[in-house]
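# A closer look at the structure
The primary structure of each chain is shown beneath.
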Amino acid sequence: MYALDLEVIFGRHWLFCATEAEIPEPGDFVTVEVGSTSVIIVRDDDEGVSALLNVCRHRGSRIVDDPCGAVGNFVCPYHQWTYRTDGSLIFAESSQPGFDRSAFGLRRVPVRSLAGLVFVCLSDEPPVDFDEVAGVLEPYLAPYRLAGLKVAHQTDLMEAGNWKLVMENNRECLHCDAGHPELTSAYFPFLTSNPEDITPRLRPVYEEYLGAGAKLTEAGATRGIPSGARRELDSRPTGYQVTHMPLAGKGRSFGMGGAPVSAKLIGDVHDAVFGDMSVHFQPNSWFHLLSDHAIVFRALPVAPDRTLVRTTWLVSADAVEGVDYDVDRLTEVWTATNDEDRGFVERQQRGVSDPGYLPGPYATVEFDVEAFVTWYIRRLESHFGGGRDHLG
Ligand code: 3BY
Ligand code: FES
Ligand code: FE
C-alpha cells in the first residue's frame, strides 16, 4: 500500500511543496524528497519558479544535497556538469564530438504557483483540473500577497505514523476541545456541524460565533476578499476546501486567546480582526491565513509509519524580529498543537497496527475525514480503471 500511495497518490497529484517566500532571489532553492524522487524548486534567473529533477543527466548523480540554499548554477559534484537555474546544461567536460548540450538539461517537473504557494506534480501528465481550482482560490489567497512575505520560522516534525493518519487527524476537530488547549484558546468551540447538537451551555458562545462570522463576511465583502466557503474535497483529483472563520477571544490571530502575534498586518488585510482563512488540499497540505501572519503545512510520507510534517510561519516582509514579532510567541500555539497532533497520530498508529483493531464509525463532525478517505479511494479506483473490485 505504501508503494501504491507513492506511485498513485504522491506520484500523480499536485503536491504543495514550498512557498515562493522561501526562494525570493534568483538561485534560491529548496529540495523536496518524495519517496525516491528528489526535486529542486528554484527561483530561476528570469524570476520564475522552476522545478527540476535532482538527477544529473550525465551518469545520474544527485546534484544537490542541501535541503535549501542559493546557487549561481547547479554543478554536479561528480564530473562537474553544470546547469543553469532553468535546468539547461551549460558545461560538460570532454564531451564527444557532436554532443548536443541542449538535449541534456535537467528534467523539468510540472510546477505551478498559486498566489505564492508552489505545487509540483511528479507525473508528466498532471491532473488538468489544477488551473480551474486555482481560478477558484486565487481571489481568496491573492490579497494576502504570500509570495512577498518573509519566512519567520520553519519546523520539521517527524511523526511515527502513516501519512494518511496525519491527514485524517488534520481533517477533524473532534479532538480539539480535549486535545488542543492552546489552539482552542483562539478558536470557538464549534465542534459540531449540527446546531441542534449544541448544548445549552455552549449556546451563547455559538451565538457569539455566528455574530462574529457575520461581521467577518461583511468586512470581507467590503474589502473585496471573498469569504464564502468553497469545498470540492472528494470529487476531483485536486481536492480542496477554503473556509473563513472568526476567531475567539481577542479575535485577531493564533496567539493565546486570539491575541495578535505580529504588529504588521499582511497583504491587503486592513483589519486585525479578520479571522482565519483556512485552506485544505488533498493529499498533503493545509494553510491558515491570519491578519498578521500565515502558516503553511505540508506532510510527506517517509516510510509506511513515518511522515514528515513541515510547518512554515510567514510574516510581513517589513516586520522586524524582536520589535514587531517574537518567534516564540508567533509559533507558540501551533508548536504546541503540532506536538499534540503528533502524539495523537503516533497513538493511533500503534492502535491500528494492533491485530485486534476494528474500525468504528465517524462522528458527524468527522465529515472531512470521510471526504479525505473518499477522495483517496476514488483516486485508487481511477488508477485501477473502475470499481472497487479492482482493489481486491
Ligand atoms: O488545521 C486544521 O485545519 C485543523 C482545524 C484546526 C485543527 N486542525 C489541525
Ligand atoms: Fe553528474 Fe557525471 S554524474 S557530472
Ligand atoms: Fe489537531
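These figures come from a predicted structure and were not determined experimentally.

### Comments concerning the pairing of strand 13 (residues 240–245)
Burial of the side chains of strand 13 is restricted to one face: Tyr-240, Val-242 and His-244 are buried, whereas none of Gln-241, Thr-243 and Met-245 on the reverse face is. For strand 12 (residues 230–232) and strand 13, the ladder comprises 3 bridges, and the chain directions are antiparallel. What sits directly across from Arg-231, in strand 13, is Gln-241.

### Observations concerning the nonpolar core
Most often, soluble globular proteins keep nonpolar side chains buried together rather than apart. Residues Cys-17, Ile-41, Val-118, Phe-119, Val-120, Leu-146 and Ala-294 are the most contacted members of the largest nonpolar core, which totals 93 residues. When residues in this core are grouped by element, the largest group, 6 residues, is from strand 16 (residues 294–303). Two domains each provide a minimum of three residues to this core, namely domain 1 (14–127) and domain 2 (129–385). Once residues lying within four places of it in the same chain are set aside, the contact partners of Cys-17 are Val-32, Ile-41, Val-118, Phe-119, Val-120 and Arg-298.

### Describing the confidence of the model for the protein chain
Here the protein chain averages 94 in pLDDT, and 96% of its residues register 70 or above. This prediction of the complex comes with two scores: 0.95 for pTM and 0.87 for ipTM.

### Comments concerning the site of ligand 1
Every residue close to ligand 1 is listed here: Asn-170, Cys-173, Cys-176, Ser-278 and Trp-286. Partitioned by chemical class, the residues of the shell around ligand 1 number 3 nonpolar, 2 polar and no charged.

### Some points on the sheet that holds strand 12
Taken in spatial order, the 7 strands make up an open sheet running 11-17-16-15-14-13-12, and their pairing is antiparallel. Each having just a single partner strand, strand 11 (150–159) and strand 12 make up the two edges of the open sheet. For this sheet, the mean inter-axis angle between neighbouring strands, taken without regard to orientation, is 15°. Against the sheet, helix 3 (residues 163–170) touches strand 11, strand 15 (285–289), strand 16 and strand 17 (306–315), its axis set at about 155° to strand 16.

### A word on the sheet that holds strand 3 (residues 37–43)
Within the open sheet, the 4 strands sit side by side as 4-3-2-5. Their pairing is antiparallel. Strands at the two margins of the open sheet, each flanked by one partner only, are strand 4 (49–53) and strand 5 (68–70). Each adjacent strand pair in this sheet contributes to an overall mean axis angle of 25°, direction not counted. Examined bridge by bridge, strand 3 and strand 4 share 5 bridges and lie antiparallel to one another. In the sheet register, Ile-40 faces strand 4, and the bridge partner there is Leu-52.

### Some words on the packing of helix 3 against helix 6 (residues 327–352)
The geometry of helix 3 relative to helix 6 is characterised by a closest axis approach of 10 Å and an angle of 130° between their N-to-C directions. Accordingly, the angle class assigned to the pair helix 3 and helix 6 is oblique. Pair helix 3 / helix 6 crosses with right-handed handedness. Of the residues in helix 6, those in contact with Leu-165, Val-166 and Asn-169 of helix 3 are Asp-341, Phe-344, Val-345, Gln-348 and Gln-349. Across the contact of helix 3 with helix 6, the residue classes tally to 4 nonpolar, 3 polar and 1 charged.

Conventions adopted
Residues numbered from 1 in each chain as written. Chains lettered and ligands numbered in written order. Predicted model: local features only at pLDDT ≥ 70, side-chain atom pairs only at ≥ 80, totals over all residues. Buried ≥ 20, exposed ≤ 12 C-beta atoms within 10 Å, placed from the backbone. Helix = DSSP H or I, 4+ residues; strand = E, 2+ residues; numbered from the N terminus. Pairing = 2+ DSSP bridges. Core = buried A, V, L, I, M, F, W, Y, C linked by C-beta atoms within 7 Å. Domains from an automatic or database assignment. Contact = placed C-beta atoms within 7 Å. pLDDT = per-residue confidence, 0-100. Near = placed C-beta within 6 Å. Nonpolar A, V, L, I, M, F, W, Y, C, P; charged D, E, K, R; others polar. Axes fitted to C-alpha atoms, helices over the stretch in contact; angles between N-to-C directions. Parallel < 35°, antiparallel > 145°, perpendicular 65-115°, else oblique. Left-handed = near helix turned anticlockwise from the far one by under 90°.

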